[in-house]
Amino acid sequence: MRLAGADTERGRAVIAARGCGACHVIPGVRGATSWAGPPLTEWSRRGYLAGQHPNSPENLVAWLRDPQAMAPGSAMPNLGLTEAEARDAAAYLFTLGAGRLPEVPAGLPLGPKDAGPREEPRIRPRA
Ligand code: HEC
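In this text the structure is predicted, and so the values were computed from the model without any measurement.

Asks: How do you make sense of the coordination of the iron atom of the ligand when you look at a structure like this?
Replies: Each pair of donors in an ideal four-coordinate tetrahedral metal site encloses 109.5 degrees, whereas pairs in an ideal six-coordinate octahedral site enclose 90 or 180 degrees. For the iron atom of the ligand, the full set of protein donor atoms is His 24 (NE2) and Met 76 (SD), and the range of their distances to it is 2.0 Å. Around the iron atom of the ligand sit six donor atoms, and with donor-metal-donor angles ranging over 88 to 179° the site reads as octahedral. With His 24 in the loop between helix H1 (8-17) and strand E1 (48-49) and Met 76 in the loop between helix H3 (67-70) and helix H4 (83-93), the pair connects residues that are 52 residues apart, well separated along the chain. On the basis of relative accessible area, His 24 is assigned to the buried category, the value being 10%.

Asks: Just checking my understanding: could you explain the site of the ligand for this structure?
Replies: In the neighbourhood of the ligand, 19 residues make up the surrounding shell, with Cys 20, Cys 23, His 24, Ala 50 and Met 76 lying closest. Side-chain polar atom of Ser 74 to an oxygen atom of the ligand: 2.8 Å apart, as the coordinates give it. For the shell around the ligand, the element with the most residues is helix H2 (residues 57-65), which contributes three residues. When its residues are assigned to classes, the shell around the ligand shows 15 nonpolar, three polar and one charged.

Asks: Any chance you could explain the packing of H1 against H4 here in plain terms?
Replies: Each pair of packed helices can be described by the angle between their axes along with the distance between the axes. Running from N to C, H1 and H4 point in directions that differ by 105°, and their axes come no closer than 7 Å. The angle between the axes of H1 and H4 places the two elements in the roughly perpendicular class. Each of Thr 8, Arg 10, Gly 11, Arg 12, Val 14 and Ile 15 in H1 lies in contact with H4, whose residues at this interface are Glu 85, Asp 88, Ala 89, Ala 91, Tyr 92 and Leu 93. By residue class, the composition of the contact of H1 with H4 is six nonpolar, two polar and four charged.

Asks: Would you take a moment to explain unusual backbone geometry for this structure?
Replies: Among all residues except glycine, the phi angle is most often negative; among peptide bonds, the trans geometry is most common. The backbone phi angle of Glu 42 is positive, close to 55°, even though this residue is not glycine. Tracing the chain through its elements places Glu 42 in the loop between H1 and E1. Look at Ala 50: it is not a glycine, yet its phi comes out positive at around 55°. The exposure class of Ala 50 is partly exposed, given its relative accessible area of 41%.

Asks: Looking at this structure, how should I read H4?
Replies: One turn of the α-helix equals 3.6 residues, which is why residues spaced by three or four share an orientation. Inspection of H4 places Ala 86, Asp 88, Ala 89, Ala 90, Ala 91, Tyr 92 and Leu 93 among the buried residues, and these make up the whole buried set. Next to the buried residues of H4 lie H1 and H2.

What counts, and where the lines are drawn
Residues numbered from 1 in each chain as written. Predicted model: local features only at pLDDT ≥ 70, side-chain atom pairs only at ≥ 80, totals over all residues. Heavy atoms only, no water. Donors = N, O, S within 2.8 Å, 3.2 Å for Na, K, Ca; no water. Tetrahedral: all angles 85-135°; square planar, octahedral: opposite > 155°, others 65-115°. Helix = DSSP H or I, 4+ residues; strand = E, 2+ residues; numbered from the N terminus. Buried < 20%, exposed > 50% of the residue type's maximum accessible area, 1.4 Å probe, protein only. Near = heavy atom within 4 Å. Polar contact = N/O pair within 3.5 Å; in protein donor to acceptor, adjacent residues only side chain to side chain. Nonpolar A, V, L, I, M, F, W, Y, C, P; charged D, E, K, R; others polar. Axes fitted to C-alpha atoms, helices over the stretch in contact; angles between N-to-C directions. Parallel < 35°, antiparallel > 145°, perpendicular 65-115°, else oblique. Contact = heavy atoms within 4.5 Å.

Pasting the structure below:
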C-alpha cells in the first residue's frame, strides 16, 4: 500500500457514512449490498478502474475525489470526499482481496459444484 498516513478503519467509516453501499457491494461494510454499480469485492486484485485507468491507490483516490474528471459521463456521482477521506476510503478498499492468493490454479474449477451451470450467482451480496 502506498497511501502513507491513510487509515483503513477510518476509511471503512467514511464508506459507511457516505452511503457507497447504496450502489456497491462492499465486503465488511454493513448494508453495502447494492448492485447498481460494480461490486468492489477483491478490489486489490482489479487491474483497471472504470475500465480505463490502471488500478493504483493514487488513481483510486483521484476517482473518489472526482469520478467525472476520470470518466466523463460516468454514473458514479461526486460525493464531495476530502483528500483525507478519499485516501482513507481507498486504503480500506485496497484491503479487500489483499494477502489472499487464489488457492486453485487458474483454469481449474474451484470445487465439485463450480463446473458447469449453477442456479445461484457465485457472489452473493452480504447482509
Ligand atoms: C449513485 C450510485 C453510486 C454511489 C453512491 C457510489 N458509486 Fe461508486 N460507482 C458507481 C457506478 C455506476 C460506477 C461505475 C462507473 C464507471 O465505470 O464509469 C462506480 C464505480 C466505482 C468504482 C470503480 C469500480 C470499477 O470496477 O472500476 C469504485 C472504486 C467506486 N465506485 C467506489 C465508490 C465509493 C468508495 C463510493 C462512496 C464514497 C461510491 N463508489 C459511491 C455508482 C456509485
